[in-house]
Amino acid sequence: MNARAAVPSEQYRITFLAMLDDFDQHGPHNTKLYAPAKVDFAAYVQRLLDEEQGKNLREGWVPCTHRWLVTPGEQVVGVTRIRHGIDNPFLANHAGHIGYDVAPSQRRKGYGHLALRFALEEAANLKIG
């Protein structure tokens, strides 16, 4: 298992959407979160980049750094979310500062541990926690 954390980018469109198909087939509870990527991928990527800067936040949302777990073959196998604050009851009581997902077909390969490690490193860089 080898991967790196990458900033969301349109260059990963095909493999990100392939990961979403994997979720649709094997883990449909995650599909709502990623559904906008299927409608307008460029706008979805821009929204993630804006969230990192605290721009154009949806009501109740907080600034959030998104990173995609990308293999050496440029396949997106997971995502991380590092919320800069947990200033509402849902985040404080249920979600916390860090969230991550690994594509169902890529689980039990160590990617979850790697995603969490990358998220913790990013949180430390942001001075969270």
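Residues numbered from 1 in each chain as written. Predicted model: local features only at pLDDT ≥ 70, side-chain atom pairs only at ≥ 80, totals over all residues. Heavy atoms only, no water.

Draft legend 1. Quick peek at the overall build of the protein. Check the secondary structure of the protein and you find 5 helices and 4 strands. Along the protein, helices and strands appear, N-terminal first, in the series β-α-α-α-β-β-α-β-α. Against the compact-globule benchmark of 14 Å for 129 residues, the protein has a radius of gyration of 14 Å, which places it among compact chains. Taken over the C-alpha atoms alone, the protein extends approximately 35 × 30 × 25 Å along its principal axes. In the protein, the share of contacts with a sequence separation of at least 24, taken over all contacts with a separation of at least 6, comes to 53%. If you sum the accessible surface of the protein, you get close to 7300 Å²; carbon and sulfur atoms cover 51% of it. In the protein, which carries 15 positive and 14 negative side-chain charges, the distance between the mean positions of the two groups comes to 4 Å. (Helix = DSSP H or I, 4+ residues; strand = E, 2+ residues; numbered from the N terminus. Rg over C-alpha atoms; globule rule 2.2 N^0.38 Å. Contact = heavy atoms within 4.5 Å. Areas by Shrake-Rupley, 256 points an atom, 1.4 Å probe, with all protein chains shown as cover. Lys, Arg positive; Asp, Glu negative; His and termini not counted. Charge placed at Lys NZ, Arg CZ, Asp CG, Glu CD.)

Draft legend 2. View of the sheet that holds strand 3 (residues 76–83). The strand order across the open sheet formed by 4 strands is 1-2-3-4, and the pairing between neighbours is antiparallel. Strand pairing shows two members of the sheet lacking a second neighbour, strand 1 (4–6) and strand 4 (98–102), which therefore form its edges. Adjacent strand axes in the sheet meet at a mean angle of 25°, parallel and antiparallel pairs treated alike. (Pairing = 2+ DSSP bridges. Axes fitted to C-alpha atoms, helices over the stretch in contact; angles between N-to-C directions.)

Draft legend 3. Expanded view of helix 1 (residues 13–26). Taking 1.5 Å of rise per residue, 14 residues should cover 20 Å, and helix 1 covers 20 Å from first to last C-alpha, within 8% of that figure. Restricting attention to buried positions, one finds in helix 1 the residues Phe16, Leu17, Met19, Leu20, Asp22 and Phe23. Buried positions along helix 1 lie against helix 2 (31–39), helix 3 (41–53), strand 2 (64–70), strand 3 and strand 4. (Expected span 1.5 Å × (residues − 1). Buried < 20%, exposed > 50% of the residue type's maximum accessible area, 1.4 Å probe, protein only.)

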